[in-house]
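Architecture at a glance
Residues per chain are reported as follows:
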Amino acid sequence: MKMPEDFDPVHGEVVSLGPMLRRIVAPNPSPMTWRGTNTYLVGASHVAVIDPGPDNDAHLQAILAATDGGHSISHILVTHAHLDHSPLARQLSKLTRAPVLAFGPAEAGRSAVMTRLAASGLAGGGEGIDAGFQPDTRLTHGATVDGDGWTLRALHTPGHIGNHICLAWEDVCFTGDHVMGWASSLVSPPDGDLTDFMTSCATLQRENWRIFYPGHGKPVTDPQERLKWLISHRQARESAILDALDAGPTTAAHIARRIYTDVTAELLGAATRNVLAHLIDLHEKRWFAASET
């Protein structure tokens, strides 16, 4: 999917998105992070920081400046333990004494299939794992966090990574890297799991959302349409992969070069990881179907 050109934020600038909601974009643009990581500030006087972002002093100072003078940080919430989302949480917590909340450390929520593959030596690729991440409080699916005039509800949405959560705020959802408008989410085994990703899309479809605020890029103003697109996009990729397999023995890298004709060379590695995720999903579905007969 082609990246849009109409999202060009100023790094470190505090932008109001609505009552009790502001955004600061971290200075870490890349092919994997688009313009940078979105850090969200929820609340008025006592603020929740969602996804503090990478270990970057300029971004840390921007967050502190935005919560200075009549504001304080009461909670720090992390959607998942990738290096562009979670590392700043610990330093911010030390400075503010606010607890860090997340589903768990980087390997939390990993599926049984991916646990087995990781144990056999399969390593991840892509955005980079914050291996030392450890929240003060673990949020299970459906757990709520109450603050000064706001309540956030955790939705466990594994797929991009096992410990991924989205955060519901009434009819608003902070979707981390699960749903974004500028690109589909990377699913890189063993941390990413396509079977879980599709299940998590269905989980989000069951609620009536007004808007999604993703971890990268601009707000998604048509949540249900975007979820529908993500599901159909993955289904189309699966069909293309099955066609490639019908042509004879091949590799994930060869399939990626064949079907990802719209990506640049620097993103071909990520595309190959996505193909691997599909191949694992297909293998497990066929194994399960065979075991049921």
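Everything here concerns the structure above.
Quick summary incoming for the structure in this document. This structure is a prediction, so every number in the text was calculated from the model and none was measured. (Residues numbered from 1 in each chain as written. Predicted model: local features only at pLDDT ≥ 70, side-chain atom pairs only at ≥ 80, totals over all residues. Heavy atoms only, no water.)

**Focus on the overall build of the chain**
A tally of regular secondary structure across the chain gives 7 helices and 12 strands. Projected onto its principal axes, the C-alpha positions of the chain cover 65 × 40 × 35 Å. The buried share of the chain, taken over its 293 residues, is 51%. Sequence separation of 24 or more characterises 67% of the internal contacts of the chain that already satisfy a separation of 6 or more. When the accessible surface of the chain is totalled, it reaches about 12700 Å², and 54% of it is carbon and sulfur. (Helix = DSSP H or I, 4+ residues; strand = E, 2+ residues; numbered from the N terminus. Buried < 20%, exposed > 50% of the residue type's maximum accessible area, 1.4 Å probe, protein only. Contact = heavy atoms within 4.5 Å. Areas by Shrake-Rupley, 256 points an atom, 1.4 Å probe, with all protein chains shown as cover.)

**Quick look at the sheet that holds strand 6 (residues 100–102)**
Spatially, 7 strands are ordered 1-2-3-4-5-6-7 in an open sheet, and the strand pairing comes out mixed. Looking at the sheet topology across the chains shown, the edges are occupied by strand 1 (15–18) and strand 7 (137–138). Across 5 bridges, strand 4 (residues 46–50) lies against strand 5 (residues 72–77) in parallel orientation. Along strand 5, the bridge assignment pairs alanine 48 with histidine 75. Sitting on the sheet, helix 2 (residues 88–96) is in contact with strand 4, strand 5 and strand 6, with an inclination near 150 degrees to strand 5. (Pairing = 2+ DSSP bridges. Axes fitted to C-alpha atoms, helices over the stretch in contact; angles between N-to-C directions.)

**Thoughts on helix 5 (residues 223–246)**
For helix 5, built from 24 residues, the straight-helix expectation of 34 Å at 1.5 Å per residue is met to within 8% by its first-to-last C-alpha distance of 35 Å. The complete set of buried residues in helix 5 reads Pro223, Arg226, Leu227, Leu230, Ile231, His233, Arg234, Arg237, Ile241 and Ala244. Two residues or fewer after helix 5 comes glycine 248, characterised by a positive phi angle close to 130 degrees. (Expected span 1.5 Å × (residues − 1).)

**Topic: the side chain of glutamate 284**
Its place among the elements puts glutamate 284 in helix 7 (residues 268–292). Judged by relative accessible area, which is 19%, glutamate 284 ranks as buried. For glutamate 284, the contacting residues outside a window of four places in its chain are Val113 and Arg116.

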